[in-house]
Amino acid sequence: DIDTATVSVLRIGLNFLMMTGFLAALRLDWGSVLRSLFNIAKASSGGLPPLMSCAGVGFEAEMTFSLLLPLAVPCVPSLALALWAAWRASHRRHVAAAQVWGVSKAHFFVNSSIAVAYLLWPALVVQVMRVLDCSVDVGGVRYVASDVSVRCFEGVHAQLHAAAIFELVVVVPALPALLYYRTRHHPLGKGTLNRKHLYFLYGGFKKGYEYWEAVVLARKLLVLAVSVFLADHEHGLQVPLVMWIMAAATGLQSLCRPYQNATEQKLEMLSLSSITVACMIGQLLLQG
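The notes below deal with the structure included here. (Residues numbered from 1 in each chain as written. Predicted model: local features only at pLDDT ≥ 70, side-chain atom pairs only at ≥ 80, totals over all residues. Heavy atoms only, no water.)

## Brief notes about the pairing of strand β3 (residues 147-151)
Item 1. Alignment of strand β2 (residues 141-144) against β3, held across two bridges, turns out to be antiparallel. Paired with Tyr143 across the strands is Arg151, a residue of β3.
Item 2. Where β2 folds back onto β3 in an antiparallel hairpin, the turn is made up of two residues. (Pairing = 2+ DSSP bridges. Helix = DSSP H or I, 4+ residues; strand = E, 2+ residues; numbered from the N terminus.)

## Focus on unusual backbone geometry
Item 1. For Arg92, which is not glycine, the phi torsion reads 55 degrees and is therefore positive.
Item 2. Position of Arg92 among the secondary structure elements: in the loop between α4 (72-90) and α5 (105-132).
Item 3. Among the residues examined, Arg92 registers a relative accessible area of 80% and is labelled exposed.
Item 4. Of note, the phi angle at Arg257 is positive, near 45 degrees, even though the residue is not glycine. (Buried < 20%, exposed > 50% of the residue type's maximum accessible area, 1.4 Å probe, protein only.)

## What about the environment of Val242?
Item 1. By the element assignment, Val242 lies in helix α11 (residues 238-256).
Item 2. Assessed through its relative accessible area of 3%, Val242 is described here as buried.
Item 3. Considering only alpha carbons, one finds Val242 and Val226, 16 residues apart in sequence, at a separation of 6.8 Å.
Item 4. Excluding residues that lie within four positions of it along the chain, Val242 makes contacts with Leu26, Val223, Val226, Ser227 and Cys279. (Contact = heavy atoms within 4.5 Å.)

## A closer look at the packing of helix α3 (residues 59-67) against helix α6 (residues 156-171)
Item 1. It is the contact of α3 with α6, at a shortest axis distance of 11 Å, that shows an interaxial angle of 25 degrees. On the basis of the axis angle, α3 is roughly parallel to α6. Between α3 and α6 the crossing geometry is left-handed. Along the contact surface, α3 presents Phe59, Glu60, Met63, Thr64 and Leu67, while α6 presents Val156, His157, Leu160, Ala163, Ala164 and Glu167. (Axes fitted to C-alpha atoms, helices over the stretch in contact; angles between N-to-C directions. Parallel < 35°, antiparallel > 145°, perpendicular 65-115°, else oblique. Left-handed = near helix turned anticlockwise from the far one by under 90°.)

## Comments concerning the pattern of salt bridges
Side chains bearing opposite charge may pair, as long as their charged atoms lie close to each other.
Item 1. Taken as a whole and judged by the stated rule, the model has three salt bridges.
Item 2. With a closest N to O distance of 3.4 Å, Glu213 and Arg11 form a salt bridge. Residue Glu213 is located in helix α10 (residues 212-229), and its partner Arg11 is located in helix α1 (residues 2-22); the two are separated by 202 residues in the primary sequence.
Item 3. The residue Glu154 makes a salt bridge to Arg151 at a minimum N-O spacing of 3.7 Å. (Salt bridge = Lys/Arg side-chain N within 4 Å of Asp/Glu carboxyl O.)

## Here we look at the sheet that holds β2
Item 1. Taken in spatial order, the three strands make up an open sheet running β1-β2-β3, and their pairing is antiparallel. The open sheet has two edge strands, β1 (136-138) and β3, and neither has a second partner. Between one strand axis and the next, the sheet turns by 45 degrees as a mean value, whatever way the strands run.

## A short note on the environment of Leu124
Item 1. Of note, Leu124 is situated in helix α5.
Item 2. Along the sequence, Leu124 and His186 sit 62 residues apart, while their C-alpha atoms lie 28 Å from each other.
Item 3. With sequence-adjacent residues up to four places away left out, Leu124 is seen in contact with Ser66, Leu69, Pro70, Glu167, Val171 and Val172.

## Let's talk about the packing of aromatic side chains
Item 1. Applying the stated criterion across every chain yields a total of seven aromatic pairs.
Item 2. Aromatic side chains Trp101 and Phe108 sit 5.9 Å apart centroid to centroid with 75 degrees between the ring planes, which places their arrangement in the edge-to-face category.
Item 3. On the basis of an interplanar angle of 70 degrees and a centroid distance of 5.9 Å, the ring pair of Tyr209 and Trp212 is categorised as edge-to-face.
Item 4. Each residue in the set Tyr180, Tyr209, Tyr211 and Trp212 is aromatic and connected to the rest through ring pairs, giving one cluster. (Phe/Tyr/Trp six-rings, centres within 6.5 Å; stacked < 30°, edge-to-face > 60°.)

## Overview of the side chain of Asn194
Item 1. By the secondary structure assignment, Asn194 is in helix α8 (residues 193-197).
Item 2. Taking the relative accessible area as the measure of exposure, Asn194 reaches 0% and is therefore buried.
Item 3. Within the local environment of Asn194, its side chain forms a polar contact with the backbone oxygen of Pro187, the two atoms lying 3.1 Å apart. (Polar contact = N/O pair within 3.5 Å; in protein donor to acceptor, adjacent residues only side chain to side chain.)

## Looking at the side chain of Gln253
Item 1. For Gln253, the position within the fold is in helix α11.
Item 2. Among the residues examined, Gln253 registers a relative accessible area of 1% and is labelled buried.
Item 3. Those residues in contact with Gln253 that lie beyond four places of it in its chain are Trp212, Pro258, Tyr259, Gln265, Glu268, Met269 and Leu272.

## A few points about the pairing of β2
Item 1. In the sheet, β1 pairs with β2 via three bridges, with the strands oriented antiparallel. Looking at β2, one finds that Asp137 is bridged to Arg142.
Item 2. Here β1 folds back onto β2 in antiparallel fashion, the turn holding two residues, of which Gly139 has a positive phi close to 60 degrees.

What follows is the structure, given as structure tokens:
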């Protein structure tokens, strides 16, 4: 099934790039070349464009825009539909009864909203964590790790910090929770709402494991939370915990084998194993 294989491989590739990008957040001396590669991987997996400060965009403006990303979920499909309707109207074609790429406008809107939410989810998580990462301590004063010119819990950052906590607790878990609930408690066969709107998130998984992408999202959230909130831990727990999380994820993947196709299973195992080995090497560097 070419369509199912394409969906699965794209998910595995995006997840691998995002997890590779997480390695840059670890407090390890990877060197400039590896760190650049990690940042490229992070940007290509859904992160915001790099070097935004060079374009005159400051930290506060960038974070304000980033925390408003959930509003783009309905806005992007709405804009696409508006442009589509304007194009058809300019060519004197029917708009009300017409379909968009063979589906109804409501079908297109829902699917596009879910796709936009899935693609923006990594960027939202990363930016929320950047706001909360106050691991730089200079003379008892906390500064934002990604922009040490910004004092934590003062001025605009206090408002950004409160908004980031809200999104981390309410908005970020919404996507994996919705996916888990829909795939576990609603039918998935042909003609169902799940098949119409969520297939690209569970296509390729074996029966009974359609919820597995929710597990993947939870794993990525856990890894990033550990990498941020334990960044300045005096006992250096950040790298070992990330390593053990990835090792547990690799073992769970090997035990459950959720993919229908053996090749996709091997790709996912290679992805998880490579990140785990990188963390192990990082632990040796840290101890050395």
